[in-house]
Amino acid sequence: MADISVFIEVDDGVLNDISLQCLGAARALADGGVVRCLAAGAGASGIAADLFARGADEVKVFDDSRAAAYTTKPYAKAVIAWLNEAPPAVALFGATTIGNDLAPSVAARLKTPCVLSADGVEAADGGYVARRVEFDRKVQTAYAPEKEGLFIVSLHDGAAETPAADASRTGEAVPLSVELDDSDFAARVLKRDVAKKTVNLKDAKIIVAAGAGVGNAEGLAVVQQLADALGAEVGATRAVVDAGWLAADHQIGQTGATVRPDLYIACGISGAVQHRVGMLDARKIIAINTDANAPIFKVAHYQVVGDLKVVIPKLIKVLAA
Amino acid sequence: MSVDTMVIVREVWDTRDLVGQVLDDTGNIKADAVGTRFEPEDLNALEMALRLKDAQGGKVTAISAGEPRGVDVLREALYRGVDAVVRVNADPLALDDQALAEAYAGAIRELGSQGLILIGTTVLDGENSLLGAHLAAALDAEQVSWVDELEEATPERAVARRAIEMGTETVEVPLPAVLSVGVALLEDDPRSPRSAKAMLKLKMKKVDIPAHEAPAIEAVTKTAGRAAVPERVIETRAVDAESEAELKSMLDEARKGD
Ligand SMILES: Cc1cc2nc3c(=O)[nH]c(=O)nc-3n(C[C@H](O)[C@H](O)[C@H](O)COP(=O)(O)OP(=O)(O)OC[C@H]3O[C@@H](n4cnc5c(N)ncnc54)[C@H](O)[C@@H]3O)c2cc1C
């Protein structure tokens, strides 16, 4: 039994799903102990009921209008104040661009151990270990604190299940008390440019994903046609997003979505590990690539060596037949 | 107006497309199974510093921790055009990121930097966490992570564009500040590549690399063990791209389920 604390990211009143997964992991790890959440960000108080329903025992809210956009210092200060109120055994963060910026900043200031983007954390030998798959997914490394005390871990997307809501669980959220002065807000977010979410890759049964091999907008259109024929969503590699061919919400992989569709069709995708981690749990994978040695073929159930501009129209044709 | 920049450069495991066993019998990384390379995001950070220098002057210093013979990245940094290099006398493989950050911070304080400190955000691979965040905390400096572009730098402040989920953010920070640089910058690498002969010459060239002695700092996180991840065994089938019949049966089967 142990107390576990979870940092919950809220963006404009919307709860980050990875934060919820962390809450699920915390509930399991606490093993009867107290699970505390800090809901942080604009509109954070509005999601407190959901946190109680999904397993939180205590909820503190950090919703300072000066900190509506994330910058490191005020958030680190707030998290440290919160952790000091009731020191937990483990503090969990989602491995997002906020969580992975914040967690080590807090750890360094508290001089406490920290592991980022872990696949899981568990009790072991009277302490805790966090595990992460590394080295091209060939090695799993276990990290542990040198000494007893707070252990800070960020969990990546998919590391735990999102806990179900239980309406009978309720509670009252309390604002976090933390003293922040102007010097804490020396860093300022001047501009934010975020794509609206237009695709729901997480719930898609079939995903047709485009890689740099599509070559241009025309190649992409062929991929889109196949997706339409299959009733599928269109996914993309980072190369395609960086090229501006598709918006960032289509990206799959380490810095994009983690998906588990029934069928994943990789078109012109080399299969870099940062992409594979986001899709290798698809139930069936078809890969279409001109290069027979492309790493994507190592994880594909069906290997189609060929030019996607030739192969995909054939697929569309047989689907229509 | 010129800004002085310090860039942390590291030699790290090259974990791309590894083949065969990576661990030895004792569970350590087999040195001959995994090569090393210049941390690609540190290379981006270095390029960012050099572009700033090209545009508006200022001094660029590259800093790396390691044994006297283990800091080829500093030679590379000199080749690429930095003004000075400093070796921090500490073993990066024996320390966690927090202890290593303290060692780097000591050197940076000694050099008296009040400007920009650039470092790669780094791919998490045998690196326990993000060094830049630990470094910023050790220096009590502002930090911005996943920086793709430096839009402005004056002696007082920097404006950086960072990548976030589904978009970008533009952040202004007062200096000194640690910017952790992401992957986007280095599409074309104008200062590389070069011939094997030139590389060898670079390696052999006598350069005097000043050292900073880091005090002993205790690590707080340890590697508690490594285990080989079993190869994913999946049934794969080659499908003839020319054959519509094969393509059809593939689609039927793949959509049907098990
Ligand atoms: C920290 C970090 C995070 C990252 N996060 C992500 C992430 O979240 N998601 C992601 O996807 N990437 C990510 N990346 C980038 C990743 O490393 C790869 O660069 C990227 O996935 C490559 O995309 P690609 O396969 O589309 O392009 P490429 O690697 O260029 O591959 C293109 C492929 O298309 C094939 N091809 C070319 N023409 C044709 C044709 N006519 N028909 C069929 N095939 C063809 C080629 O043989 C090649 O295999 C990240 C990288 C880093 C360092």
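Everything below is about the structure shown above.
Residues numbered from 1 in each chain as written. Chains lettered and ligands numbered in written order. Predicted model: local features only at pLDDT ≥ 70, side-chain atom pairs only at ≥ 80, totals over all residues. Heavy atoms only, no water.

A.B. asks: I would appreciate a short explanation of the overall build of chain A in the present structure.
C.D. replies: Looking only at helices and strands, chain A features eight helices and 17 strands. Over its C-alpha atoms, taken along the principal directions, chain A stretches across nearly 65 × 45 × 40 Å. Per-residue burial over chain A gives 56% buried out of 321 residues. Long-range pairs, those at least 24 residues apart, make up 64% of the contacts in chain A between residues at least 6 apart in sequence. Summed over all atoms, the accessible surface of chain A reaches about 12600 Å², with 49% contributed by carbon and sulfur. Taken as two groups, the 31 positive and 39 negative side-chain charges of chain A have centres that lie 5 Å from each other. (Helix = DSSP H or I, 4+ residues; strand = E, 2+ residues; numbered from the N terminus. Buried < 20%, exposed > 50% of the residue type's maximum accessible area, 1.4 Å probe, protein only. Contact = heavy atoms within 4.5 Å. Areas by Shrake-Rupley, 256 points an atom, 1.4 Å probe, with all protein chains shown as cover. Lys, Arg positive; Asp, Glu negative; His and termini not counted. Charge placed at Lys NZ, Arg CZ, Asp CG, Glu CD.)

A.B. asks: Is there a simple way to think about the site of the ligand in this case?
C.D. replies: Close to the ligand lie 25 residues, the nearest being A:Ala212, A:Thr237, A:Thr255, A:Ser270 and A:Asn289. Each of chains A and B places residues near the ligand. With respect to the ligand, the side chain of A:Thr237 contributes an N or O atom lying 2.6 Å from an oxygen atom. In the environment of the ligand, an oxygen atom lies 2.9 Å from a nitrogen or oxygen atom belonging to the side chain of A:His275. Of all the elements in the fold, those that place two or more residues in the shell around the ligand are helix 6 (238-242) and helix 7 (273-276) of chain A. Grouping the amino acids of the shell around the ligand by side-chain chemistry returns seven nonpolar, 15 polar and three charged. (Near = heavy atom within 4 Å. Polar contact = N/O pair within 3.5 Å; in protein donor to acceptor, adjacent residues only side chain to side chain. Nonpolar A, V, L, I, M, F, W, Y, C, P; charged D, E, K, R; others polar.)

A.B. asks: I keep staring at the packing of aromatic side chains and nothing clicks. Help me out?
C.D. replies: Aromatic ring pairs are reported here in terms of the distance separating the ring centres and the angle at which the planes meet. Residue and element names in this part refer to chain A. Counting across every chain of the model gives five aromatic pairs over all chains. A ring pair is formed by Phe7 and Tyr75, whose centres lie 6.5 Å apart and whose planes are at 70 degrees; its orientation type is edge-to-face. Linking Phe7 in strand 1 (residues 4-11) with Tyr75 in helix 3 (residues 72-85), this pair joins segments that are 68 residues apart in sequence. Across this residue pair, the class does not change: Phe7 and Tyr75 are buried. Ring pairing ties together the aromatic residues Phe7, Phe62, Tyr70, Tyr75 and Phe93, which thus form one cluster. (Phe/Tyr/Trp six-rings, centres within 6.5 Å; stacked < 30°, edge-to-face > 60°.)

A.B. asks: It is not clear to me how the interface of chain B and chain A should be interpreted in this structure. Could you clarify?
C.D. replies: Frequently, the measure chosen for interface size is the accessible area that the parts lose on association. Taken together, the contact between chain B and chain A spans 78 residues of the former and 79 residues of the latter. Summing the contributions of chain B and of chain A, the shared interface buries around 6800 Å²; its carbon and sulfur component is 55%. Linking chain B with chain A are nine salt bridges. With a shortest N-O distance of 3.1 Å, A:Lys138 and B:Glu231 are connected by a salt bridge. Where chain B packs against chain A, one counts 31 residue pairs in polar contact (both at pLDDT 80 or more). Contributing elements (two or more residues each) for the side of chain B that touches chain A: helix 3 (97-111), helix 4 (131-139), strand 7 (142-153), strand 8 (157-164), strand 9 (167-174), strand 12 (221-228), strand 13 (237-239) and helix 6 (244-256) of chain B. Looking at the side of chain B that touches chain A residue by residue, the classes come out as 37 nonpolar, 17 polar and 24 charged. Sheet topology places strand 9 (residues 139-145) of chain A next to strand 12 of chain B; seven bridges connect them, and they run antiparallel. Across the sheet, A:Gln140 pairs through a bridge with B:Ala227, a residue of strand 12 of chain B. (Buried area = accessible area lost by both parts, 1.4 Å probe. Salt bridge = Lys/Arg side-chain N within 4 Å of Asp/Glu carboxyl O. Pairing = 2+ DSSP bridges.)

A.B. asks: When you look at the sheet that holds strand 13 of chain B in this model, what are you seeing that I'm missing?
C.D. replies: Within a sheet, neighbouring strands are paired by backbone hydrogen bonds and run either parallel or antiparallel to one another. The six strands are arranged 14(A)-13(A)-15(A)-16(A)-17(A)-13(B) in an open sheet whose pairing can be described as parallel. A strand with exactly one partner marks an edge of an open sheet, and here the two such strands are strand 14 (233-236) of chain A together with strand 13 of chain B. Mean inter-strand twist for the sheet, computed between neighbouring axes without regard to direction, equals 20 degrees. Bridge count for strand 13 (residues 206-210) of chain A against strand 14 of chain A is four bridges, and the pairing is parallel. Residue A:Ala209 lies in a different strand from strand 14 of chain A, and its bridge partner there is A:Gly235. Of the strands in this sheet, strand 13, strand 14 and strand 15 (263-267) of chain A touch helix 5 (residues 217-230) of chain A, which is tilted by about 175 degrees from strand 13 of chain A. The strands touched by helix 6 of chain B within the sheet are strand 13, strand 15, strand 16 (284-289) and strand 17 (302-305) of chain A together with strand 13 of chain B, with strand 13 of chain B carrying the most contacts at an inclination of about 135 degrees. (Axes fitted to C-alpha atoms, helices over the stretch in contact; angles between N-to-C directions.)

A.B. asks: Hey, could you run me through the sheet that holds strand 12 of chain B in this one?
C.D. replies: Read across the open sheet, the four strands follow the order 7(A)-8(A)-9(A)-12(B); overall the sheet is antiparallel. On the outer flanks of this sheet lie strand 7 (120-124) of chain A together with strand 12 of chain B, each paired with one strand and no other. Across the sheet, the mean angle from the axis of one strand to that of its neighbour is 30 degrees, orientation sign disregarded. By the bridge criterion, five bridges tie strand 7 of chain A to strand 8 (residues 127-134) of chain A in an arrangement that is antiparallel. If you follow A:Ala123 over to strand 8 of chain A, its bridge partner there is A:Tyr128.

A.B. asks: When you look at the pairing of strand 10 (residues 151-155) of chain A in this model, what are you seeing that I'm missing?
C.D. replies: Consecutive side chains of a regular strand alternate in pointing toward one face of the sheet and then the other. All names here are of chain A. Extensive coverage of strand 10 is indicated by the burial of five of its five residues. Burial of strand 10 is two-sided: the residues Phe151, Val153 and Leu155 facing one way and the residues Ile152 and Ser154 facing the other way are all buried. Bridge count between strand 6 (residues 114-118) and strand 10: three bridges; the pairing is parallel. What sits directly across from Cys114, in strand 10, is Ile152.

A.B. asks: I'm lost on unusual backbone geometry in this one. Help?
C.D. replies: The bulk of non-glycine residues show a negative phi, and the bulk of peptide bonds are trans. In the segment running from B:Leu175 into B:Pro176, the intervening peptide bond is cis, with an omega of 0 degrees. Mapped onto the elements, B:Pro176 comes out in the loop between strand 9 and strand 10 (177-181). Within the chain, A:Ser117 stands out as a residue other than glycine whose phi angle is a positive 50 degrees. The exposure class assigned to A:Ser117 is buried, which follows from its relative accessible area of 14%. You will see that A:Asp125, though not glycine, has its phi angle at about 50 degrees, which is positive.

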